[in-house]
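An overview of the molecular structure
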Amino acid sequence: MTEYLVALATIVGIQILLTLGLTLHYGTTGLVNFGHVAFYALGAYASALLTLAGAPFLVAMAVGVVLAVLASALVGVATLRLREDYFAILTLGFSELLRLLLLNARDLTRGALGIPGIPRPWTHLPGVPDHVAYLGLVLIAVVVAFVLSAVLTRSPLGRTLRAIRDDDQAAMALGKDVLRFRLTSLAWGAGLAAVAGSLWAHYVTYVVPDQFTPEITFYTWMAMIIGGPGSMRGAVWGTAILMVVLEGTRFAKDVIPMLDAPRLAALRQIVIGLGLIVMTVYVRKLGGRGRPRTAPATVGA
Amino acid sequence: MGAGPRDQVRGAADQLIGELVHLTVTGLLVASLLALGAVGLSLTFGVARFANVAHPDFMMLGAYATFAFNALAGLPFGWSALLGIAGALLVGVPVARLAYDKLPVTGTVQLLVISIGVSFILRHAVLLVFGSSLLQFAVPLQRPYVWGPVRLTVYQILTLVVAAVLVLGVHLLLSRTRLGRTLRAISDNPVLTEIAGADVSRARLAMWTIAVLLASAGGILFGLNLVIQPNMGWDLVIPIFAAAILGGIGNPYGALGGALVIGLVQEWSTLVIPAAYKEAIAFTAMALCLMFRPRGLWGGA
């Protein structure tokens, strides 16, 4: 049971990193990122391939982060000037394109076979079981990411990002370089997602393109919406609630005997879909750009 | 004497032309299926003013409803197709009305996220009922008719004809009827149309009916030529959005042109790039179009 709880806490921690990143994108800056999983996948694959080639874990993770930030800049420069719904579709397309590449660049990624045997760092610490040590590593990452995100949103940069979210025209009129600020936000969130991907790869020690479907993106959206977009603390408990509910549906098998594994998985996805709809209606803050809001941010100096 | 170099060149040229004709025919078939999705998507984008990601799932609904009547209940294909469209309408239109017209939300982003939820629910509800395996309609195999390098089965001819008739029907509806005029007016200016006394709610009911009808017909033709699976709609999200965006989103005629461009270029591309990457064509075309011609190739409204 303890082992199960440690595993659950590890997965929740990794998902919190993803949610914090998306909260910076959407909650703070208003970027409708539907391709979050792409940055996660980049972090996971870069970290997996480099450690297998002999690089130390932290170096591999850092390269993953750099790759994700570069990818975010590429996507951002191409699409950030567009309307939010176009940006959404294009980021979704980008994440699917990346998955297609991972599936087909077999020389590098072994395609659908995936990459097994990714080493797990922090093993053989004296007196600490491996999975507990890894949870410790994930928790350190979560705390660092949380503090960073919280400081970032409260800084003048964060104020500007919120001003852009609330009214990009006004921010522009005040002389803010809206595109540059949006790119900055996109880069931070992408970096966090890459850290999450790296931690995931070294936790499950096996990556395959099937792990990086848009489902991950929309789980993250769900977690962010539950917690209330825009709040870093909300990102943490929103993720915790989502993951516990998702895990809880696993036990539905014991109650409803006719459900086999694929049907149970389908039922979970239906719950996710219903949850997205209900929470979107319920959480009023999830508006579009240019809509009136209760508490407009002030543009700081 | 064996074949001279000139004969070899002529042989290669014939082969290339044969290949090109074959790819063009396939491209036209792909284009007809995409058009049936993209025309409806464009219409709803213009009138309801949000990107309905669940639109291609209406295709999936039509295909599965037809499968139920045809392969499970044993009805002939023609009747099954008509009942399948009716079934898709009975499910799809109330779902669209409820999720997009009746919920107390108005923002583009809210409706976009809700449509993701609708897509999750539709796909996995079908998975729950029919399972995830690839399914085929109970229709006899047909020997293709051959005209020179052109080879077409009767199903493929049916696909081209039905797509052409339905798109022409939408054109007549939009250009010649009172309903069409109302829909075009809402697309131009919803507030003014309502002030002028048009029944916007009724027009939207008609719009969802047209959209689901076109999409489900497309899905049925898809199933007639290929195999169906619960993700068939989701897999078409990017190509269908690409077709609609290339055509200038909100412009149903443009969507037809966009579908032709995507279908043909995607198939022709296999002459120069590996076929596994042809799915990237739609995304690339969409991204380039949004960057350089955001109002579509034809510059429509």
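Residues numbered from 1 in each chain as written. Chains lettered and ligands numbered in written order. Predicted model: local features only at pLDDT ≥ 70, side-chain atom pairs only at ≥ 80, totals over all residues.

The next thing to look at is the overall build of chain B. Each helix and strand counted, chain B has twelve helices and two strands in total. Start at the N end of chain B and walk to the C end: the helices and strands fall as α-α-α-α-β-β-α-α-α-α-α-α-α-α. Taken against the 2.2 N^0.38 rule, which gives 19 Å for 301 residues, the C-alpha radius of gyration of chain B at 20 Å falls within 12% of a compact globule. If one aligns the C-alpha atoms of chain B with their principal axes, the spans along those axes are about 85 × 50 × 35 Å. Residues classed as buried in chain B amount to 49% of the 301 residues present. Taking all contacts inside chain B whose residues are at least 6 apart in sequence as the whole, residues at least 24 apart take part in 76%. (Helix = DSSP H or I, 4+ residues; strand = E, 2+ residues; numbered from the N terminus. Rg over C-alpha atoms; globule rule 2.2 N^0.38 Å. Buried ≥ 20, exposed ≤ 12 C-beta atoms within 10 Å, placed from the backbone. Contact = placed C-beta atoms within 7 Å.)

Glancing now at the overall build of chain A. When helices and strands are tallied, chain A shows 13 helices and zero strands. The secondary structure elements of chain A, listed N-terminal to C-terminal, are α-α-α-α-α-α-α-α-α-α-α-α-α. Computed over C-alpha atoms, the radius of gyration of chain A comes to 19 Å, within 12% of the 19 Å expected from 2.2 N^0.38 for 301 residues, which places it in the range of a compact globule. Counting only C-alpha atoms and orienting by the principal axes, one finds that chain A spans roughly 55 × 45 × 40 Å. By residue count, 49% of the 301 residues in chain A fall in the buried class.

Quick look at helix H9 (residues 178-204) of chain A now. All names here are of chain A. Taking 1.5 Å per residue, 27 residues should reach 39 Å; H9 reaches 39 Å between its end C-alpha atoms and fits that length. With respect to burial, H9 is a largely interior element, 21 of its 27 residues being buried. Threonine 205, located one to two residues past H9, shows a positive phi value of around 60°. (Expected span 1.5 Å × (residues − 1).)

Before going further, it helps to examine the environment of Thr28(A). All names here are of chain A. With respect to the helices, strands and loops of the structure, threonine 28 is situated in helix H1 (residues 2-28). When the C-alpha positions of threonine 28 and valine 208 are compared, they lie 32 Å apart, and in sequence the two are 180 residues distant. Among residues more than four places away in sequence, those in contact with threonine 28 are Thr23, Thr153, Gly158, Leu161, Arg162, Arg165, Ser185 and Gly230.

Before going further, it helps to examine the interface of chain B and chain A. On the chain A side, the residues contacting the 35 residues of chain B number 33 residues. When contributions to the side of chain B that touches chain A are tallied by element, the ones reaching two or more residues are helix H4 (108-130), helix H10 (237-246) and helix H12 (279-292) of chain B. Top element by residues in the side of chain B that touches chain A is H4(B). It accounts for 15 residues. In the side of chain B that touches chain A, the residues fall into 28 nonpolar, six polar and one charged. (Nonpolar A, V, L, I, M, F, W, Y, C, P; charged D, E, K, R; others polar.)

What follows concerns the packing of helix H4 (residues 84-104) of chain A against H12(B). It is the contact of H4(A) with H12(B), at a shortest axis distance of 10 Å, that shows an interaxial angle of 150°. Remark: the crossing between H4(A) and H12(B) carries left-handed chirality. Between H4(A) and H12(B), the residues in contact are Tyr86(A), Leu90(A), Gly93(A), Leu97(A) and Leu100(A) and Glu279(B), Ala280(B), Phe283(B), Met286(B), Ala287(B) and Leu290(B), respectively. Within the contact of H4(A) with H12(B), the residues separate by chemical class into nine nonpolar, one polar and one charged. (Axes fitted to C-alpha atoms, helices over the stretch in contact; angles between N-to-C directions. Left-handed = near helix turned anticlockwise from the far one by under 90°.)

The next thing to look at is the confidence of the model for chain B. All names here are of chain B. Averaged over chain B, the pLDDT score is 88; the fraction of residues at 70 or greater is 98%. Mean pLDDT across the secondary structure elements of chain B bottoms out at helix H7 (residues 190-195), with 81, and peaks at helix H2 (residues 55-72), with 94. Taken together, the chains of this predicted complex give a pTM of 0.87 and an interface ipTM of 0.84. (pLDDT = per-residue confidence, 0-100.)

Counting 181 residues, the largest nonpolar core has Leu17(A), Met222(A), Ala35(B), Ala242(B), Ala243(B) and Met286(B) as the members making the most contacts within it. The contact partners of Met222(A), leaving out residues within four places of it in the chain, are Leu242(A), Ile272(A), Gly275(A), Leu276(A) and Met279(A). (Core = buried A, V, L, I, M, F, W, Y, C linked by C-beta atoms within 7 Å.)

What follows deals with unusual backbone geometry. The phi torsion at Arg110(A) lies on the positive side, around 60°, for a residue other than glycine. Following the sequence through the fold, Arg110(A) ends up in the loop between helix H5 (106-109) and helix H6 (130-154). Overall, Arg110(A) belongs to the partly exposed group, with 15 C-beta atoms counted inside 10 Å. Located in the positive-phi region is Arg49(B), a residue other than glycine, with phi close to 60°.

Low-confidence regions, as indicated by low pLDDT, have predicted coordinates that should not be scrutinised in detail. All names here are of chain A. When the pLDDT values of chain A are averaged, the result is 83; 91% of them are 70 or greater. In the model of chain A, helix H12 (residues 252-255) stands out as the element of lowest mean pLDDT, 67, in contrast to helix H2 (residues 36-52), which has the highest, 94. Overall, residues 287-301 carries pLDDT values under 50, and its contacts beyond four positions in sequence, including any with other chains, amount to 29 contacts.

Quick look at the environment of Gly111(A) now. Residue and element names in this part refer to chain A. On the secondary structure map, glycine 111 appears in the loop between H5 and H6. By the C-beta count within 10 Å, which is 15 here, glycine 111 ends up partly exposed. In sequence terms glycine 111 and leucine 100 are eleven residues apart; their C-alpha atoms lie 9.1 Å from each other. Look past the residues within four positions of glycine 111 in its chain and what remains in contact with it is Leu103, Asn104 and Arg106.

In this section: the packing of helix H3 (residues 57-79) of chain A against H9(A). Residues and elements named next belong to chain A. It is the contact of H3 with H9, at a shortest axis distance of 8 Å, that shows an interaxial angle of 145°. As H3 packs across H9, the resulting crossing turns out to be right-handed. Each of Phe57, Ala60, Met61, Gly64, Val65, Ala68, Val69, Ala71, Ser72, Ala73 and Gly76 in H3 lies in contact with H9, whose residues at this interface are Arg182, Leu183, Leu186, Ala187, Ala190, Gly191, Ala193, Ala194, Val195, Gly197, Ser198 and His202.

Here we take up the environment of Phe58(B). Residue and element names in this part refer to chain B. Note on placement: phenylalanine 58 falls in helix H2. When the 33 C-beta atoms within 10 Å are taken as the criterion, phenylalanine 58 is described as buried. In sequence terms phenylalanine 58 and alanine 215 are 157 residues apart; their C-alpha atoms lie 5.7 Å from each other. Ignoring anything within four residues of it in the chain, the contact list for phenylalanine 58 reads Ala88, Gly92, Ala211, Val212, Ala215 and Ser216.

Bringing helix H1 (residues 5-48) of chain B into the picture now. The end-to-end C-alpha distance of H1(B), which contains 44 residues, comes to 61 Å, matching closely the 64 Å that a straight helix rising 1.5 Å per residue would cover. Of all bends in H1(B), the biggest is about 30°, found at Ala35(B). (Bend = angle between axes of the 7 residues up to and from the residue.)

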